Amino acid sequence: RAELMELFRERMYGREPSAPKDISFEVTKVVPDAFGGLSTMKEVRIMLDPSGEHYLVMLMFVPNGAGKPVPAFLGINFKGNHTTTDLEEVSLPDEVQLRNYGPGYQVPERGLNARRWPYEYILEHGYAVCTFCVHDPEPDLKGHYDYGIRKVYDGGSPRPDSWGSVSAWAWSLCRALDYLCKDPSVDARRVAVIGHSRLGKTALWAGAMDRRFAMVVANDSGCSGAALSRRVYGENLGIINTSFPYWFCSNYKEYNDAEASLPFDQHELIAMIAPRPVYVASASEDLWADPYGEYLSLVYATPVYRLFGYDGFSDTSMPAAGDSKVIGRMGHHIREGQHDCILYDRERFI
Ligand code: GCU
């Protein structure tokens, strides 16, 4: 495990800094009766560096009346906490957040992505949901290195193995978990890290790095997520490293058009999560993300789950669209339709 983690760090994600000591938190808002009393809503400012210039604003919904700490889903959102719901109480990004997003950022409209965040459904099933905006730690925009947290810890000059933004996002999920360990309403031993697409790639790396995450869910994570790179199907390394040169460390570009020379493949990332539960979800028309390659990663990680005494997937044929299965501590489904994260996916993760 140590050898593989080192390879992933050096060659792909880059090296993240260690957890800051004495990180501070501040609960900035509490709404005890959100969703008609179903939930307590909180906003928590989680500092990422001692200067106070970089922080996450985590939005949390915790079901009311559980009488004990509840399990939680923790995942990053693409466009801002206020886009995940129509609730007026959810704050818009503040001045510090906007400054760290970089110049010219247009704040998207409230509720824009609410469809992807079925809070009430998740809360009714007894889970808390926690999220923050991807841009809080590190803007998801090319050429924005000067604005994010990476630069602070790099001392301003990145090396070939300095962390890319996927690593910075994953590290921030760990900082959010640091907070959850101190919040008595949540059972920090049962936090699932979850993400869609680029944030599914991020959830996998966070789960590999930090064994406090009890479960990992990667939805449509594709190239450099769950999909095997050596299949070179749909998006490949040359494409991803050109379109998103800041997602991974510079060393990773050595494998553009040279996937066969990678010293690992993505099933080994899944194996780094063993023996904890892992769920890989695909969509039948999301060929860019290579659904078959995503599934095969589970198959080839299964021997590692077996080492720990858990079963997994052994059938190398592609499951049919609409298929959904949990075997041992691995889950998989392939939803009919396009690249997205909809209620159908959430129902299965729950
Ligand atoms: C692009 C990118 C993918 C990524 C996706 C997303 O399509 O090529 O790698 O997963 O964006 O995050 O939606």
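Calculation rules
- Residues numbered from 1 in each chain as written.
- Predicted model: local features only at pLDDT ≥ 70, side-chain atom pairs only at ≥ 80, totals over all residues.
- Heavy atoms only, no water.
- Helix = DSSP H or I, 4+ residues; strand = E, 2+ residues; numbered from the N terminus.
- Rg over C-alpha atoms; globule rule 2.2 N^0.38 Å.
- Contact = heavy atoms within 4.5 Å.
- Areas by Shrake-Rupley, 256 points an atom, 1.4 Å probe, with all protein chains shown as cover.
- Lys, Arg positive; Asp, Glu negative; His and termini not counted.
- Charge placed at Lys NZ, Arg CZ, Asp CG, Glu CD.
- Near = heavy atom within 4 Å.
- Polar contact = N/O pair within 3.5 Å; in protein donor to acceptor, adjacent residues only side chain to side chain.
- Buried < 20%, exposed > 50% of the residue type's maximum accessible area, 1.4 Å probe, protein only.
- Pairing = 2+ DSSP bridges.
- Axes fitted to C-alpha atoms, helices over the stretch in contact; angles between N-to-C directions.
- Phe/Tyr/Trp six-rings, centres within 6.5 Å; stacked < 30°, edge-to-face > 60°.
- Lys NZ or Arg CZ within 6 Å of the ring centre and 35° of its normal.
- Salt bridge = Lys/Arg side-chain N within 4 Å of Asp/Glu carboxyl O.

## Structural notes on the overall build of the protein chain
Each helix and strand counted, the protein chain has 10 helices and 10 strands in total. Taken over the C-alpha trace, the protein chain has a radius of gyration of 19 Å; the compact-globule value for 350 residues is 20 Å, and the two agree within 12%. In terms of overall dimensions, the protein chain has a C-alpha envelope of 50 × 45 × 35 Å along the principal axes. Of the contacts formed within the protein chain by residues at least 6 apart in sequence, a portion of 70% connects residues at least 24 apart. Element-wise, carbon and sulfur atoms account for 52% of the exposed surface of the protein chain, whose accessible area totals about 13,700 Å². Charge-centre separation for the protein chain: the mean point of 36 positive side chains lies 4 Å from the mean point of 46 negative side chains.

## Things to note about the site of the ligand
In the vicinity of the ligand, the residues found are Phe78, Ser197, Arg198, Lys201, Glu235, Ile240, Phe244, Trp247, Trp288 and His339. A distance of 2.5 Å separates an oxygen atom of the ligand from a polar side-chain atom of glutamate 235. Within the side chain of tryptophan 288, a nitrogen or oxygen atom sits 2.9 Å from an oxygen atom of the ligand. Expressed as a share of its isolated accessible area of 320 Å², the protein-covered part of the ligand is 82%.

## Section: the side chain of glutamine 97
Note on placement: glutamine 97 falls in helix H2 (residues 95–101). On the basis of relative accessible area, glutamine 97 is assigned to the buried category, the value being 7%. Glutamine 97 has contacts with Tyr55, Val57, Leu92 and Asp136, leaving out every residue within four places of it along the chain.

## A word on the environment of alanine 321
Looking at where alanine 321 falls in the secondary structure, it is placed in the loop between helix H9 (291–307) and strand E9 (324–327). The exposure class assigned to alanine 321 is partly exposed, which follows from its relative accessible area of 40%. Taking the C-alpha atoms as reference points, alanine 321 and glutamate 268, separated by 53 residues in sequence, lie 25 Å from one another. When residues no more than four places from it in sequence are discounted, the contact partners of alanine 321 are Ser284, Ile334 and Glu336.

## A closer look at the sheet that holds strand E1 (residues 25–34)
Reading across the sheet, the 10 strands line up as E1-E2-E3-E5-E4-E6-E7-E8-E10-E9 and stay open at both edges, with mixed pairing between neighbours. The two strands at the open ends of the sheet, each matched to only one other strand, are E1 and E9. Each neighbouring strand pair of the sheet contributes to a mean axis angle of 15°, computed without reference to strand direction. One ladder, built from 5 bridges, connects strand E6 (residues 186–196) with strand E7 (residues 215–219); its direction is parallel. Within the sheet, the bridge partner assigned to alanine 192 lies in E7 and is methionine 215.

## Some details on the packing of aromatic side chains
Here the structure, examined in full by the defined rule, presents 20 aromatic pairs. Note on tyrosine 101 and tyrosine 105: the rings are 4.9 Å apart at their centroids and 75° apart in plane angle, and the pair reads as edge-to-face. The class for tyrosine 101 is buried, based on a relative accessible area of 2%. Among the aromatic residues, those joined into a cluster by ring pairs are Phe8, Tyr13, Trp205, Phe248, Tyr252 and Phe264. Above the face of the tyrosine 55 ring, arginine 45 is positioned so that its terminal group lies 4.8 Å from the ring centre. Lying over the aromatic face of tyrosine 344, arginine 348 brings its terminal NZ or CZ to 3.6 Å of the ring centre.

## Observations concerning the pattern of salt bridges
Under the counting rule described, the total for this entry stands at 28 salt bridges. The shortest N-O distance in the salt bridge between aspartate 183 and lysine 42 comes to 2.7 Å. Of the two residues, aspartate 183 sits in the loop between helix H5 (165–180) and E6 while lysine 42 sits in strand E2 (residues 39–47), which places them 141 residues apart along the sequence. Close ionic contact of aspartate 178 with arginine 212 constitutes a salt bridge, the shortest N to O distance being 2.9 Å. Residue aspartate 178 is found in helix H5, and its partner arginine 212 is found in the loop between helix H6 (198–209) and E7; the two are separated by 34 residues along the sequence. Salt bridges here are not isolated pairs; linked through shared partners, they connect Glu6, Glu10, Arg11, Arg15, Arg159, Asp161 and Glu254.

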